Structures are given as structure tokens and as C-alpha cells.
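Understanding the architecture of this molecule
Take a look at the letters that make up each chain.
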Amino acid sequence: MLDLGINRVMSRMATSGMLAMLVAFGSGQELAAQQSVQFASASSADAEVTFTADIAPILQANCQVCHQEGAIGPMPLMTYQDARRWSARIRNMVVTREMPPYQYDDDVGIQDLKYDPRMSDEDIATVVAWVEQGSPEGDPNDMPPPVVWPDPTAFRLADQFGEPDVIVRSTPYDVPAVGQDRWWQPVVDAGIPADRCIRAIETKPSVEGRAVAHHANSNWVGGTTRVQGMLSEYALGKIGEIIPEGACRTAPGGAQVRFDIHYWPNGVDVVDDQVEIGIWLHPEDYEPEYQQNLTLYYLNGGRGYDIPPNGTLMTRGIHQWDTPVRLDSWQPHGHTRLVAMSMEILRANGRTETVSMVSNWSALWHHSHIYDDDVAPLLDVGDKVILTGWYDNTENNRYNPDPDQWVGIGDRTADEMSHAWIAVTHLDEEGFQKLTEERQQRLISQD
Ligand code: HEC
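As the structure is a computational prediction, the values presented were derived from the model and not from experiment.

So, about the nonpolar core. Among the nonpolar cores identified, the biggest contains 91 residues, and Ile 55, Val 94 and Val 127 are the most heavily contacted of them. The greatest single-element share of this core, amounting to 7 residues, is contributed by helix H7 (residues 121–132). Setting aside anything within four residues of it in sequence, one finds Val 127 in contact with Ile 55, Ile 58, Ile 90, Arg 91 and Val 94.

This part takes up the sheet that holds strand E16 (residues 312–319). Across the sheet, which stays open at both edges, the 4 strands sit in the order E16-E22-E18-E19 with antiparallel pairing between neighbours. Strands with a single pairing partner mark the edges of an open sheet, and in this sheet they are E16 and strand E19 (352–358). Averaged over all pairs of adjacent strands, the angle between their axes in this sheet comes to 20°, without regard to strand direction. The pairing of strand E18 (residues 338–346) with strand E22 (residues 384–392) spans 8 bridges and is classified as antiparallel.

Moving on: the pairing of strand E11 (residues 256–263). Most of E11 sits out of view: 6 of its 8 residues are buried. Bridging between strand E4 (residues 182–184) and E11 involves 3 bridges; their strand directions are antiparallel. Within E11, the position partnered with Trp 184 by the bridge is Ile 261. Two strands pair when backbone bridges link them, and strand E5 (residues 187–189) and E11 are joined in this way by 3 bridges, in the antiparallel orientation. From the neighbouring strand, Val 188 faces E11, where its bridge partner is Val 257. In this sheet, E11 lies alongside strand E7 (residues 213–221) in antiparallel orientation, the contact comprising 8 bridges. From the neighbouring strand, Ala 213 faces E11, where its bridge partner is Tyr 263.

Contact pair helix H6 (residues 87–95) / H7: the axes reach a minimum separation of 9 Å and the direction vectors enclose 155°. Comparing their axes, H7 and H6 come out roughly antiparallel. For H6 against H7, the interelement crossing comes out left-handed. Residues Ser 87, Ala 88, Ile 90, Arg 91, Val 94 and Val 95 of H6 lie in contact with H7, whose contacting residues are Ile 124, Val 127, Val 128 and Val 131. Of the residues assigned to the contact of H6 with H7, the class counts are 8 nonpolar, 1 polar and 1 charged.

Quick notes on the rules
Residues numbered from 1 in each chain as written. Predicted model: local features only at pLDDT ≥ 70, side-chain atom pairs only at ≥ 80, totals over all residues. Core = buried A, V, L, I, M, F, W, Y, C linked by C-beta atoms within 7 Å. Buried ≥ 20, exposed ≤ 12 C-beta atoms within 10 Å, placed from the backbone. Helix = DSSP H or I, 4+ residues; strand = E, 2+ residues; numbered from the N terminus. Contact = placed C-beta atoms within 7 Å. Pairing = 2+ DSSP bridges. Axes fitted to C-alpha atoms, helices over the stretch in contact; angles between N-to-C directions. Parallel < 35°, antiparallel > 145°, perpendicular 65-115°, else oblique. Left-handed = near helix turned anticlockwise from the far one by under 90°. Nonpolar A, V, L, I, M, F, W, Y, C, P; charged D, E, K, R; others polar.

Take it as geometry only, folks, not as evidence of what the structure does.
Following this line, the structure appears as C-alpha cells:
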């Protein structure tokens, strides 16, 4: 539904080559120029930086999962020739933190995240120094051995949990070699007859599909228990989700799963592609202490709004729960006028804390930011979550398809959306005290 809207906008941009152009020549580049000053000064310009000794390991660790034959990146970044040809763009993309793709501010809020692909400032400075020194190759003997990538046909969490109890497959879809990007939203039976607690989830594209499956989300439809919201979220590079011990994310019995797969034609014909979701269940007699669910929280109170032509807007949603809670993950959602979103906590005593901020939103990517166990925010009754979104309908927003339109909330291309998916563990007062104390103990023992 909603993403079909972006599909058309993005396709239009992609068709006209506008998106690529804007990424290449728009504000990104100016930003790159400004920021490279900061990174250049951080690098010791005198020490020689070479591809084989310094850059190849960085590309292996941060880029090749997507930039190799048969993956979603538009070109491989495996050899010196690959990297040399793209060196200026590589520099810009890492300095602006557009690559590796992960929209999350690194100077406010919680920074300890699971599956965090962001590059260190040091590695960025190394890339900048390499390009500024003329991108030398260096001694071939310094070249690290190629990475042995995990078997793409295997579930990676199988090492930890064995084969999944249930595998849900999207219905086959043909992705042409050339064309506009597209969304595929089949609804299939989950094959779980009665309510169960999920232990872990892994979404896995097919081997050929890795080249074209940009991201894939999944939601429950129907079933005996109403579970609002999402089963899981996926973008290449993510391994899976493990539900915190003691909590239950319910798989509703007899339910169906609706996929929301973003395919991106990438030069190869992929016939009958299927995305698989592996689900590991707790035993039937598992007695969880708490319920965890992944549901949608609005930023506009569910009401409408208008963003004027060439104008901007801010919307805000305030949420609270009738029990203490722990926030396990956060995933902002918007279309092309959304430029930033934040999540704050307003404590009952009046203090505010910024939890997370995304000030470089891109509707091309959908990432769930999963907090490390020791920092996942704990909220007592009376504490509130404030979600704020900023929209830019001017030409300064490089993703804006048409600044002269009025934009309202809705599912279509031209419309905007404003919500966030938050995985919440619903605690009781005793559990809240226990988790708070355990965390304090760990902090003390670390000092
Ligand atoms: C999660 C997958 C993924 C990872 C990891 C990733 N990329 Fe990309 N990259 C893409 C995709 C998809 C595109 C094309 C769409 C876009 O620009 O967002 C792209 C585009 C690019 C481009 C622009 C190509 C052009 O046509 O102008 C460059 C340069 C680039 N990536 C470099 C890198 C570097 C360097 C790294 C590691 C530091 C990296 N990428 C990590 C998926 C990835």
C-alpha cells in the first residue's frame, strides 16, 4: 500500500536519472566537501595510504556484502581497478555517510546498536587520505585474502538455533534485468496453527535475489490473536532478530504474513524469486515473563496535515503506556518529504532525553535500529515517548519530486506518511525494578 506510492516516485526519479544525478551533484557533494575537511584533518596526510594495505580491508568489512557480483550494489568493489575507478564517489559516499546505507545520527542519543554497519571516523579518514593521495595501489603482497562469505543458501542463525521451525516463502516473482523498481506484497499462510512465542527471525533472499531484493518487511494479517504490526524487517547485511530472553513476541495462530518486498532491477533476470522468512519458536510450554510487540506509533495523532508548496512542516506524536516498558527497537517511516525524525523520552519528572535521531532520512532504505540490551530505554508509568518528524517540501530536499504540490497524509505517491515502528516489551513494576537494578549492577561492575 504505502510503499507503492514511493515506488512510483522513485521510479520516476530513476527513469529520469534524476535520483542518481541528485545524489551525485546535489547537496550531498557540498556536504562531502565540508565534511572532508574535518576528516582530512583527522588523517595523517603524510603516512602513505594504499589500496592493498589500508583500503581493501575497509571495503571487505563495510562494502563488499553489497558490492560484489550477485549482490544489490550497482558495481563490485573487490579489486584495485574497481575501487580506483570509483574512488571519488567512494570518498563522497563515506564522508556523507550515505554508504554503507544506515540513516542514524552519530552525535545524539543511543549509539550502542545491534547490527550497526556505520564506519568509524578513523576508517572514513583513511579513505579520504587515500583518495587525496591519488588512490595508490601499494604492494600487492599487502592484499588481504578474499573474504569467505557465508553460504547464502543457509540461514545464518541456524548455527545458533538449528534449522527454523517454520519457513514462510513469498510467492514467486519475476524481476526483469532492466526496469523500474517495484514492490511485491503477497500474502501467504504462516503455517503456525496456534499462538506461539517467537524466539528468532531471519529474512533471507534467494541467491539470485540478493542482487535485486533491496529490503523486505513482513506483517501479520489475521489470526486468532490480534497482533498489531510487524513480524520483521530486512535489508541486506542484517542477520536477523533475536527476541530478548524472557519476552514473547507472539506469532498469532492461523495467521497469514504479508510481505513488503522492494525489488530493484539490477542487470540480471531473476525468475520466480522467493524471499524466505525463517522463524524459530519457543517450545509450546515456554512461559514468558513479558509480551513484546512491534507496532506502529503515529506522529500526527492519526489526523491529517498539509505541507504547503515550497514549505516545511513538523509533526509530533506523544505516546505512553499503562505499564512500565522497555523500548527494544525503532524504525522511522516516511516518504519523500520527510527529512528527519527523532524519538525522545519525556520523564514524569520533566527531564527529556533524546533516544534516537535520523536527520538524513531516505525512503530508499528501511532500517530498524535495535538497541543493545544494556541501553534499551526503560520507561516507568508516566514517562512518555515523543516522536517528531520534519518535512521539507522545498527544492532543498533532494528527494522531493515536486516542490509545487500541496502534500497531505496518505498512501499515494504524492502523499506523505509519518509513523515509527517500535518494538516494546511490556513490563510490570517488579520487572521494571529488576531490570533497572540489574543494569545498574552491570554499570557499577564495569567501572
Ligand atoms: C547494504 C548494501 C550496501 C552496502 C553495505 C554498501 N552499499 Fe554502496 N550501494 C548500494 C546500493 C543498493 C547502491 C545504489 C543505490 C543507492 O545509491 O542507494 C549503492 C551505491 C553506491 C555508490 C554510488 C554508485 C553510483 O552509481 O554513483 C557508491 C560509490 C557506493 N555505493 C559505495 C559504497 C561503499 C564505499 C561502501 C562501503 C563503505 C558501500 N557502498 C556499502 C548498496 C550498498
